[in-house]
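Residue-level listing of the chains:
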Amino acid sequence: MRSLLFAFALAAAACGSKQPRTPTAAPPPTTPLYDRLGRLDAIKAIVKDFVEERVAKDPRIRARFATVDVAHLEQMLTEQICEATGGPCKYTGKSMKDAHAGMAITEAEWRAFVEDLVASMIRFDVPKAEQDELIGKLATMHDDIVGK
Ligand code: HEM
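All figures in this text were calculated on a predicted structure; none of them were measured in a lab. (Residues numbered from 1 in each chain as written. Predicted model: local features only at pLDDT ≥ 70, side-chain atom pairs only at ≥ 80, totals over all residues. Heavy atoms only, no water.)

Trainee: Even after reading the chapter, I still don't get the state of the cysteines, so can you show me in this structure?
Mentor: Cysteine pairs can be linked by a disulfide, which is a covalent bond between their two sulfur atoms. Applying the stated criterion across every chain yields a total of 1 disulfide. Paired by a disulfide, Cys82 and Cys89 hold their sulfur atoms 2.0 Å apart. Classification of the bridge connecting Cys82 and Cys89 rests on its S-S torsion, roughly 85°, and on that basis the disulfide is right-handed. Comparing Cys82 with Cys89 shows no difference in burial state: the two are buried. (Disulfide = S-S within 2.5 Å. Buried < 20%, exposed > 50% of the residue type's maximum accessible area, 1.4 Å probe, protein only.)

Trainee: When you look at the packing of aromatic side chains in this model, what are you seeing that I'm missing?
Mentor: Here the distance between the centres and the angle between the planes together describe a pair of aromatic rings. Applying the stated rule across the entire model yields 2 aromatic pairs. Here the aromatic rings of Phe50 and Phe113 are separated by 4.9 Å at their centres, their planes lie at 85°, and the arrangement is edge-to-face. Here Phe50, found in helix α3 (residues 39-54), pairs with Phe113, found in helix α6 (residues 107-123); they are 63 residues apart in sequence, far enough to count as distant. Summarising the aromatic geometry, the rings of Phe65 and Phe113 are spaced 6.4 Å apart at their centres and angled 25° between planes, so their arrangement reads as stacked. Of this pair, Phe65 sits in the loop between α3 and α4 (70-84) while Phe113 sits in helix α6, placing them 48 residues apart in sequence. Linked through ring pairs, Phe50, Phe65 and Phe113 together constitute an aromatic cluster. (Phe/Tyr/Trp six-rings, centres within 6.5 Å; stacked < 30°, edge-to-face > 60°. Helix = DSSP H or I, 4+ residues; strand = E, 2+ residues; numbered from the N terminus.)

Trainee: How do you make sense of unusual backbone geometry when you look at a structure like this?
Mentor: Note: most residues except glycine have negative phi, and most peptide bonds are trans. Residue Arg39 is not a glycine yet carries a positive backbone phi of 65°. Note on placement: Arg39 falls in helix α3. Its identity is not glycine, yet Asp125 carries a phi of approximately 60°, on the positive side. Asp125 gets classed as exposed once you look at its relative accessible area, which sits at 65%.

Trainee: Could you clarify how one ought to interpret the site of the ligand in this entry?
Mentor: The local shell around the ligand holds 23 residues, among which Arg64, Phe65, His72, Lys94 and His100 are the closest. Within the side chain of His72, a nitrogen or oxygen atom sits 2.9 Å from an oxygen atom of the ligand. Measuring from an oxygen atom of the ligand, one finds a backbone N or O atom of Lys94 at 2.7 Å. Of all the secondary-structure elements, those providing two or more residues to the shell around the ligand are α4, α5 (96-99) and α6. (Near = heavy atom within 4 Å. Polar contact = N/O pair within 3.5 Å; in protein donor to acceptor, adjacent residues only side chain to side chain.)

Following this line, the structure appears as structure tokens:
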């Protein structure tokens, strides 16, 4: 009797194992943008190129940055991008409202700034999807920066 029960239990278990699995949607790829950009060294290089080779030479906005502490600005932008993209940094600078208060930055200046950043990303071979993703994250700051 015991061996019959055992055989029955085995059969039931085998039967159970043939149950089809409930289909579940494959999870989306979750590699943080931070990693896809190439992590901290890549972000630092992009920011340096952006500040020193694009913004500082862009007649549309360079006057805004004439007296700015370049090393500090690069450090702040690096921390900010690192944090916003899921990296291990903590942004230690001012809020975007405070940093740009009283500047009355225009839409045209905003566009120039974004175009310069895209140019730096292209120079460092950042794929279009990642470019768009970073710009999308920064776009959430638009209303704290423009027209204040
Ligand atoms: C996505 C857009 C932008 C981001 C993420 C951004 C980010 C920052 C950050 C992190 C700082 C440093 C804050 C600190 O020192 O604690 C800063 C400062 C500054 N930003 Fe922006 N910014 C943006 C757009 C602009 C635009 C469009 C302009 C003007 C054309 C501008 C002009 C400045 C200037 C002049 C400073 C230096 C302020 C100072 O030293 O007191 N920013 N920005």
